[in-house]
Amino acid sequence: MKGLKSLWLAAVLALLAGFLHAAEPQKVRTPFIDNWGQIPLEELARQAATFPGVFYLQGNESQKVIALTFDDGPSQFTPALLDVLKKHQVKATFFVLGKSMEQSPELVKRAHAEGHTLGNHSWDHPNLSEMSGEAYWTKQLQPTQDMFQKVLGFKPSLMRPPYGFLTDAQIKGIDGHGMKAILWSVASDDWYLTHTMQNAAAADAIAGQVVKYAHPGAIVLAHDAGGRTRQPTIEATDRYIAELKKQGYRFVTVDQLLGVKPTLN
Ligand SMILES: [Zn+2]
């Protein structure tokens with residue numbers, strides 16, 4: 001009888017733990033950078049809580065998996081980054097600009113051929129939340145979807161808003177188009193650190209930041225274009241992948257992390 005009772009108790013506790021785990025709110029782990037017009041972290045957490053299954057900051061925390069993401073490309077730095085990912089046999093997710101894709105279709109074709117997931121990061125990187133009506137879609141996301149169709153033969157289901165800004169109405173619109181908005185839980189701050197430091201120090205700082213804040217289910221934000229150089233990002237990626245693998249982490253694409261389809265067609 002006593003054995004049965006403790007079995008029941010264990011079952012109830014397991015159920016409760018599962019419930020608490022599922023109810024854990026999504027949140028950004030890295031600190032806010034002041035005075036750079038960044039989206040408030042509370043606003044990201046609010047939108048993730050308001051639009052579950054559409055607007056994501058992270059994946060489930062039950063497994064030691066991480067999704068690396070690289071924005072703003074493709075650029076002249078993309079091939080070296082792809083080489084680093086290939087060396088570590090890591091598949092990542094690239095949120096590309098339609099305009100850059102038009103200029104360098106061979107780079108997105110290479111990323112796709114090497115097993116990475118590609119998503120829509122707008123046509124030319126405006127703050128979408130400042131655009132009125134349907135312009136965020138007709139002038140930014142739709143032309144990029146069309147460029148995907150032209151270059152790769154499919155339309156992606158994942159998008160990332162430039163600077164993280166979307167209005168609630170735009171999130172509903174993106175949902176209506178069958179897409180998911182992918183934000184992040186760990187900002188590598190590579191744009192800021194590369195802006196404020198020399199290359200070697202920036203690479204150290206970027207790698208340190210990602211290792212420090214990495215967590216099960218993390219979506220890591222970094223960039224393969226923009227700024228004066230992306231060399232520190234490439235070097236840091238090489239180092240933090242090695243370190244996090246030692247800690248038992250596996251790397252997956254965002255669609256794998258969230259269990260969603262990466263394409264619409
Ligand atoms: Zn961007």
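For clarity, every value in this text was computed on a predicted model and none was experimentally measured.

The rules behind the values
- Residues numbered from 1 in each chain as written.
- Predicted model: local features only at pLDDT ≥ 70, side-chain atom pairs only at ≥ 80, totals over all residues.
- Heavy atoms only, no water.
- Helix = DSSP H or I, 4+ residues; strand = E, 2+ residues; numbered from the N terminus.
- Rg over C-alpha atoms; globule rule 2.2 N^0.38 Å.
- Buried < 20%, exposed > 50% of the residue type's maximum accessible area, 1.4 Å probe, protein only.
- Contact = heavy atoms within 4.5 Å.
- Areas by Shrake-Rupley, 256 points an atom, 1.4 Å probe, with all protein chains shown as cover.
- Lys, Arg positive; Asp, Glu negative; His and termini not counted.
- Charge placed at Lys NZ, Arg CZ, Asp CG, Glu CD.
- Phe/Tyr/Trp six-rings, centres within 6.5 Å; stacked < 30°, edge-to-face > 60°.
- Lys NZ or Arg CZ within 6 Å of the ring centre and 35° of its normal.
- Donors = N, O, S within 2.8 Å, 3.2 Å for Na, K, Ca; no water.
- 1 Å grid on protein atoms, 1.4 Å probe; cavity = no way out; pocket = protein on both sides within 12 Å on 5 of 7 lines; lining within 4 Å.
- Points joined across faces, edges and corners; volume = space filled by probe spheres on them.
- Nonpolar A, V, L, I, M, F, W, Y, C, P; charged D, E, K, R; others polar.
- Pairing = 2+ DSSP bridges.
- Right-handed = clockwise from strand over helix to strand, strands pointing away.

Q: How would you sum up the overall build of the protein chain? Please name residues and give values.
A: When you go through the protein chain residue by residue, the secondary structure sums to 11 helices and 9 strands. Computed over C-alpha atoms, the radius of gyration of the protein chain comes to 19 Å, within 12% of the 18 Å expected from 2.2 N^0.38 for 265 residues, which places it in the range of a compact globule. Principal-axis analysis of the C-alpha atoms gives the protein chain an extent of 70 × 45 × 40 Å. Considering the protein chain as a whole, with its 265 residues, one finds that 51% of them fall into the buried category. Long-range contacts, defined as pairs at least 24 residues apart, comprise 77% of the intrachain contacts of the protein chain with a sequence gap of at least 6. Working note: accessible area of the protein chain is about 12,200 Å², and carbon and sulfur atoms make up 57% of it. Taken together, the 26 basic and 25 acidic charged side chains of the protein chain have centroids lying 8 Å from each other.

Q: Residue-level account of the packing of aromatic side chains, with values.
A: By the definition in use, this model includes 5 aromatic pairs. For the ring pair Trp191 and Tyr192, a centre distance of 5.6 Å and an interplane angle of 65 degrees mean the geometry is edge-to-face. The class of Trp191 is partly exposed, set by a relative accessible area of 23%. The lysine or arginine in question, Lys64, covers the ring of Tyr249, its NZ or CZ lying 4.8 Å from the ring centre.

Q: Which residues make up the coordination of the zinc ion, and what values do they have?
A: Around the zinc ion, the protein contributes the donor atoms Asp72 (OD), His121 (NE2) and His125 (NE2), which lie 2.0 to 2.1 Å from the metal centre. Here the donor residues of the zinc ion share one chain and are spaced in sequence as D-x48-H-x3-H. Of this pair, Asp72 sits in the loop between strand S2 (65-71) and helix H3 (78-87) while His121 sits in the loop between strand S4 (117-120) and helix H6 (135-152), and the two are 49 residues apart along the sequence. An identical accessibility class is assigned to Asp72 and His121; each is buried.

Q: Account for unusual backbone geometry, naming residues and giving values.
A: Omega for the peptide link from Gly73 to Pro74 comes to 0 degrees, which places this bond in the cis form. With respect to the element layout, Pro74 can be found in the loop between S2 and H3. With phi around 70 degrees, His125 is a residue other than glycine that occupies positive phi space. Its location among the elements puts His125 in the loop between S4 and H6. Despite not being glycine, Asp189 has its phi angle at roughly 55 degrees, a positive value. Within the fold, Asp189 resides in the loop between strand S7 (186-187) and helix H8 (190-196). Judged by relative accessible area, which is 11%, Asp189 ranks as buried.

Q: Provide a residue-level description of the environment of Phe77, including the pertinent values.
A: Here Phe77 shows up in the loop between S2 and H3. Phe77 sits 153 residues away from Arg230 along the chain, and the two C-alpha atoms are 6.3 Å apart.

Q: Break down the layout of surface pockets for me, with residues and values.
A: Put simply, the largest pocket is a space of about 730 Å³. Asp72, His125, Tyr163, Trp191 and His223 are the residues nearest the centre of the largest pocket, which is lined by 40 residues in total. Those elements that provide at least two residues to the lining of the largest pocket are helix H4 (98-103), H8 and strand S8 (218-223). Residue contributions to the lining of the largest pocket peak at 3 residues, all from H8. Within the lining of the largest pocket, the residues separate by chemical class into 18 nonpolar, 16 polar and 6 charged.

Q: Requested: an account of the pairing of strand S3 (residues 93-96), with residues and values cited.
A: Of the two faces of S3, both are covered, the one formed by Thr93 and Phe95 as well as the one formed by Phe94 and Val96. When S2 meets S3, the two strands line up parallel, connected through 3 bridges. Bridge pairing in S3 links Asp71 to Phe95. The parallel pair S2 and S3 is bridged by H3, and the resulting crossover is right-handed. Of the pairings in the sheet, the one linking S3 to S4 comprises 4 bridges and is parallel in character. Within the sheet, the bridge partner assigned to Val96 lies in S4 and is Asn120.

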